[in-house]
Amino acid sequence: GPRLDLELLADDAREVLKTFQLPEVTKGKVSLQAHVAPAGDRLDGLLKGNFGEFNVDARLAKKISSSFDEFSLALDSNGPDIGALGRLAGIDHLPAEAYTVQVDASRSAQELQLRKLFFVSREFTIEASGVAHKFPQLRDLELDLSAKPGTLQTIGKLWILVGNA
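Note that the structure is predicted; figures quoted are calculated from it, not measured.

A.B. asks: Outline unusual backbone geometry, listing residues and values.
C.D. replies: Even without being a glycine, Gln 21 presents a positive backbone phi close to 55°. Mapped onto the fold, Gln 21 is located in the loop between α1 (13-19) and β2 (30-39). Residue Gln 21 is classed as exposed on the basis of its relative accessible area, which comes to 74%. Phi angles above zero are rare outside glycine, and Ala 109 is one such case at about 55°. Structurally, the position occupied by Ala 109 is in the loop between β6 (99-108) and β7 (111-121). A relative accessible area of 46% means that Ala 109 is categorised as partly exposed.

A.B. asks: Break down the nonpolar core for me, with residues and values.
C.D. replies: Residues Val 30, Phe 51, Tyr 99, Val 101 and Phe 119 are the most contacted members of the largest nonpolar core, which totals 19 residues. Put simply, the parts of the chain that give this core at least two residues each are α1, β2, β4 (54-63), α2 (82-88) and β6. Tallying contributions element by element places β6 first for this core, with 4 residues. Setting aside anything within four residues of it in sequence, one finds Phe 119 in contact with Ile 82, Tyr 99, Thr 100, Val 101, Phe 124, Thr 125 and Ile 126.

A.B. asks: Residues and numbers for the pairing of β4, please.
C.D. replies: Of the pairings in the sheet, the one linking strand β3 (residues 42-51) to β4 comprises 10 bridges and is antiparallel in character. Residue Gly 49 lies in a different strand from β4, and its bridge partner there is Val 56. With antiparallel pairing between neighbouring strands as the criterion, β3 and β4 make up a hairpin whose turn holds 2 residues, including Gly 52 at a positive phi of roughly 60°. As paired strands, β4 and strand β5 (residues 70-79) are joined by 8 bridges and run antiparallel to one another. What sits directly across from Asn 55, in β5, is Asn 78.

A.B. asks: So what's going on with the environment of Pro 149? Residues and values would help.
C.D. replies: Considering the arrangement of structural elements, one finds Pro 149 in strand β9 (residues 141-149). By relative accessible area, which is 31% here, Pro 149 ends up partly exposed. Along the sequence, Pro 149 and Ile 126 sit 23 residues apart, while their C-alpha atoms lie 8.4 Å from each other.

A.B. asks: Can you break down the sheet that holds strand β8 (residues 124-132) residue by residue, with the values?
C.D. replies: Overall, antiparallel pairing links the 9 strands, which are arranged β1-β2-β3-β4-β5-β6-β7-β8-β9 in an open sheet. Bordering the open sheet on either side are β1 (4-10) and β9, each of which pairs with just one other strand. Averaged over neighbouring strand pairs, the angle between their axes works out to 0° when direction is ignored. Sheet analysis places β6 next to β7, joined by 10 bridges and oriented antiparallel. Directly across from Ser 106, in β7, lies its bridge partner Gln 113.

The rules behind these values
Within any chain, residue numbers begin from 1 and follow the written order of that chain's sequence. With the structure being a predicted model, the display of local features is reserved for residues of pLDDT at least 70 and the display and counting of side-chain atom pairs for 80 or more, all residues being used for whole-chain, interface and lining totals. Derived side-chain values reflect all non-hydrogen atoms in the structure, with water molecules and hydrogen atoms excluded from consideration. Counting from the N terminus, the helices are DSSP H or I runs at least four residues long and the strands are E runs at least two residues long. When accessible area is computed with a 1.4 Å probe and restricted to protein chains, residues below 20% of their type maximum are described as buried, those above 50% as exposed, and intermediate ones as partly exposed. Buried Ala, Val, Leu, Ile, Met, Phe, Trp, Tyr and Cys residues form a nonpolar core when they are joined through side-chain atoms within 4.5 Å. In this analysis, two residues are considered to be in contact whenever any of their non-hydrogen atoms come within 4.5 Å of each other. Only strands that DSSP links by at least two bridges are regarded as paired with each other. For every element, the axis is a line fit to its C-alpha atoms; helices are fit only across the contacting stretch, and the angle between N-to-C directions ranges from 0 to 180 degrees.

This is the structure:
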């Protein structure tokens, strides 16, 4: 079947961002590989490498015959500024600080299983796992959540983020 293999290489991420008229949120070399190909009844995707100071290793597998009713996702990323990534995605309230995020999740029909969510920055750490049995409705949940804010002020910032999401 058809497959897609892309490689993005650049001496400086700012050149790529400028080309696509995006804010200059990072600098440094770019070496990203993307791959999408059918594998049996699934479509497998991979995004791996670095974009300037940001690193990513993401794998997505989804059933070809469904939208995103059946998928699995593994993501590991880190970088110097979660706020910069947020601004690229249109979210303006994230702090300008280094981060690490790891996600291991899958969905089968209405069940969304979050085996691991780990996010750490200077201001807070969040760890979560659980199951949403009636996804996309957020009811009938089993959720283990641990949040460790650095300060009481951080708790206020988290509530602001949730309110603006």
